Amino acid sequence: MTALTMVGRVVERQSRVYRRVWRGSVFSAFLAPLMFLAAIGLGLGGLVDKSSGEVDGLSYLVFVTPGLLAASVMQTATGESLWPIMAGTKWLRTFHGMLATPLGVAAIFGGHVTWVAIRIILSSSVFLAVAALLGGVVSAWAPLAIPAAVLTAVAFAAPLSAYAATQDTDLTFGPIMRLVVQPLFLFSGTFFPVEQLPSWLQPLAALSPLWHGVELCRAATTGQGSAPAILVHVLVLLAVIAAGSAVGVRTFKRRLAP
Amino acid sequence: MWKTWPAPGVAPVALSDVSESRPGPVITGSDLTKSFGAHQAVRGIDFEVEAGESFGFLGPNGAGKTSTMRMIGCVSPLSGGELRVLGMDPRVDGAKIRARLGVVPQEDTLDTELTVWDNLVIYGRYFGLPRSLLRSRCQELLEFVQLADRRDSLVDPLSGGMRRRLSIARGLVNDPDVLLLDEPTTGLDPQARHLVWERLYQLQNRGVTQVLTTHYMEEAEQLCDRLVIMDEGRIVDEGAPAELIAKHSTREVVELRFPSEADRRSALPRLEALGERIEVLAERVLVYSSDGEAAVSWMHGDGLEPSSVLVRRSTLEDVFLHLTGRSLNE
């Protein structure tokens, strides 16, 4: 089996499980982002447009749609890369079962991350389609928001899976959601341009992978954005993915095959 | 039955061919060690497993059995020494070796998010087996482990014995050359244990090489053609169960309990003269003798009054006690 086939076999297992449990993820992966879009984009956006006319030259709905897309895929990827990793390494030990076959740790790690990417393709497609119907998407480049969303999601899935494999309990996972994911969700150019932040805070936004993801998604759905900036965002996300994967293969090995 | 199935991707090597064309062991360990930080779990062991035999690692918890099994299973790098599995080096060919091993781990790693059937099919897919082959093979395996009627059940509602049998079926899905069983019946009730043993006998009769660890001397006697006794990371002796018993113990053992500590202490000098040797345990005194009944009548003639007397055959438990000075299940 080639390395790619092995990754495919792990994905096959994940999709088999998903066929049984997909109903449980419909709300968090599909409906919740759309409810945000309705409440923030249409409800709050109406007020914003009335008072200021536009944000960065865009209606608020058009501005916030890519932000919500990137933020929701970050949340999905994070949730999929903390507790499910703990289940594979400790609670259900399914990764140990996989490792007793020709699959190696790289295939197990790669299969997990690939599955997250596939989930994101599904959920971001639905989100974009509905957002387009509501008027939140104004550019023909919008389908490129899907690969942008995948990059964003994997930039969280890879390093967080790497981290989760080092943990013996899930005690730190809740705080990560509250103290890392939530602030990023709010302050990464999702709901308002980072220029609204105090000037000393603005450079920090560049450290947030989510900000790079939001900017990429926004370039796609609005058709605005300079090529060099887009390239930088892509490279930053790829660098995070590469580093997270390199560390992840090591932490998986240390946990599963000491 | 499935020894005749072709193993895709690997030239199907019938076990008899292995022993005819390439005589020699399927697994060889020499001066094998495993350390976790400062802790040495395996301290230099030598062993060989022949094709078609059922080979055991017997020893108490913490003896290094599971660490050894994990090295053989190529999921734990060696710290030192040499290991060859199916003619290959685990450090280089881990994935190729794992493709030809079946593993039944001590702690179940069944996929509780899948049904019984999908557990087998998906596991077969990890080995790169085609779905068409798996459809027939998984059905046969379910029948073999008597779980055909539970095929659409999830794993959680299964009893411990059923899960272990499912683990065994899963370990056979790639038609392995060697089956590794780590404590195959630990935690099972006697009836479930016998069902598992019965399946393992059948596999032995089909020529599947088995390597197992256990801390049950009864299991070792039942299942192993040959075994090594491990203690504190070392092998203390090896041989067939009957050989080891003949070598380290007498044919029979008289187990005695005394009403009080004082009675026991006063009896000890006379008991020592009774058999070849004695072992004094927390609650019992064991008298080793080739003729237990004779020893008992001699003891009664000597006026000793133990509160209970049991004459039994020697077991591997006695061998372990003699070699290490401790009981297996301490």
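All figures in this text were calculated on a predicted structure; none of them were measured in a lab.

Quick notes on the rules
- Residues numbered from 1 in each chain as written.
- Chains lettered and ligands numbered in written order.
- Predicted model: local features only at pLDDT ≥ 70, side-chain atom pairs only at ≥ 80, totals over all residues.
- Heavy atoms only, no water.
- Contact = heavy atoms within 4.5 Å.
- Buried area = accessible area lost by both parts, 1.4 Å probe.
- Salt bridge = Lys/Arg side-chain N within 4 Å of Asp/Glu carboxyl O.
- Polar contact = N/O pair within 3.5 Å; in protein donor to acceptor, adjacent residues only side chain to side chain.
- Helix = DSSP H or I, 4+ residues; strand = E, 2+ residues; numbered from the N terminus.
- Nonpolar A, V, L, I, M, F, W, Y, C, P; charged D, E, K, R; others polar.
- Phe/Tyr/Trp six-rings, centres within 6.5 Å; stacked < 30°, edge-to-face > 60°.
- Buried < 20%, exposed > 50% of the residue type's maximum accessible area, 1.4 Å probe, protein only.
- Lys NZ or Arg CZ within 6 Å of the ring centre and 35° of its normal.
- Axes fitted to C-alpha atoms, helices over the stretch in contact; angles between N-to-C directions.
- Parallel < 35°, antiparallel > 145°, perpendicular 65-115°, else oblique.
- Left-handed = near helix turned anticlockwise from the far one by under 90°.
- pLDDT = per-residue confidence, 0-100.
- Patch = residues over 30% accessible without salt bridge, like charges linked within 9 Å, V, L, I, M, F, W, Y side chains within 5 Å.
- Areas by Shrake-Rupley, 256 points an atom, 1.4 Å probe, with all protein chains shown as cover.
- Pairing = 2+ DSSP bridges.

### Topic: the interface of chain B and chain A
Where interface size is given, it is often the accessible area lost as the parts come together that is meant.
Argument step 1. In this assembly, 29 residues from chain B lie in contact with 22 residues from chain A.
Argument step 2. Here chain B and chain A share an interface that buries about 2,300 Å² over both sides, 55% of which is from carbon and sulfur atoms.
Argument step 3. Taken as a group, R98(B), E113(B) and Y126(B) account for 28% of the area that chain B buries against chain A, more than any other trio of residues on that side.
Argument step 4. At the junction of chain B and chain A, the tally comes to six salt bridges.
Argument step 5. In this structure, the connection of chain B to chain A is made through 15 residue pairs in polar contact (both at pLDDT 80 or more).
Argument step 6. If you list the elements that add at least two residues to the side of chain B that touches chain A, you get β1 (25–36), α3 (90–98) and α4 (116–126) of chain B.
Argument step 7. Per-element tally for the side of chain B that touches chain A: the top contributor is α4(B), with five residues.
Argument step 8. Each residue belonging to the side of chain B that touches chain A can be placed in one class, and the counts come to 14 nonpolar, four polar and 11 charged.

### Topic: the packing of aromatic side chains
Argument step 1. Using the criterion set out here, one finds 14 aromatic pairs over all chains in the structure.
Argument step 2. With 5.2 Å between their ring centres and 90° between their planes, F109(A) and F252(A) make a pair best called edge-to-face. With F109(A) in helix α4 (residues 105–134) and F252(A) in helix α9 (residues 227–256), this pair connects stretches of sequence that are 143 residues apart.
Argument step 3. For the pair F47(B) and F57(B), a centre-to-centre distance of 5.2 Å together with 85° between the ring planes defines the contact as edge-to-face. Of the two residues, F47(B) is situated in strand β2 (residues 39–50) and F57(B) in strand β3 (residues 54–58); the sequence distance between them amounts to 10 residues. The same class applies to F47(B) and to F57(B), which are both buried.
Argument step 4. One aromatic cluster is present, built from ring pairs that chain together F36(A), F185(A) and F191(A).
Argument step 5. Above the plane of the ring of F63(A) lies R218(A), whose end atom (NZ or CZ) is 3.7 Å from the centre.

### Considerations on the packing of helix α1 (residues 3–52) of chain A against α4(B)
Each pair of packed helices can be summarised by the angle the axes make with each other and by the distance between the axes.
Argument step 1. One way to put it is that α1(A) packs onto α4(B) with a least axis distance of 9 Å and a crossing angle of 160°. As judged from the angle between their axes, α1(A) and α4(B) are roughly antiparallel. For the crossing formed where α1(A) meets α4(B), the hand is right-handed. Here R9(A), E12(A), R13(A) and R16(A) of α1(A) come into contact with α4(B), specifically with D118(B), I122(B), R125(B) and Y126(B).
Argument step 2. Looking at the contact of α1(A) with α4(B), its residues break down into two nonpolar, no polar and six charged.

### Quick look at the confidence of the model for chain B
Argument step 1. Per-residue confidence for chain B gives a mean pLDDT of 89, with 92% of residues at or over 70.
Argument step 2. Scored below 50 in pLDDT, residues 1–22 of chain B makes 36 contacts in the model with residues more than four places away or belonging to other chains.

### Notes on a nonpolar patch on the surface
Argument step 1. Together, F27(A), L31(A) and M35(A) make up an exposed nonpolar region whose accessible area comes to about 310 Å².
Argument step 2. Checked against the element boundaries, M35(A) lands in helix α1.

### Quick word on the environment of R164(B)
Residue and element names in this part refer to chain B.
Argument step 1. Along the chain, R164 turns up in helix α6 (residues 160–171).
Argument step 2. Classification of R164 by relative accessible area gives buried; the value is 8%.
Argument step 3. When the C-alpha positions of R164 and I235 are compared, they lie 28 Å apart, and in sequence the two are 71 residues distant.
Argument step 4. Beyond its immediate sequence surroundings of up to four residues, R164 is in contact with V104, Q106, D108, E183, P184, T185, T186, L188 and V196.

### Points about the sheet that holds strand β13 (residues 308–313) of chain B
All names here are of chain B.
Argument step 1. Strand order in the open sheet made by the four strands is β11-β12-β10-β13, with antiparallel pairing throughout. Unpaired on one side and paired on the other, β11 (277–280) and β13 mark the two borders of the sheet. Strand-to-strand twist of the sheet, defined as the mean angle between neighbouring strand axes without regard to direction, takes the value 20°.
Argument step 2. Relative to strand β12 (residues 285–289), β11 runs antiparallel, the two being bridged by four bridges. Considered in β12, the bridge of I278 is made with V287.

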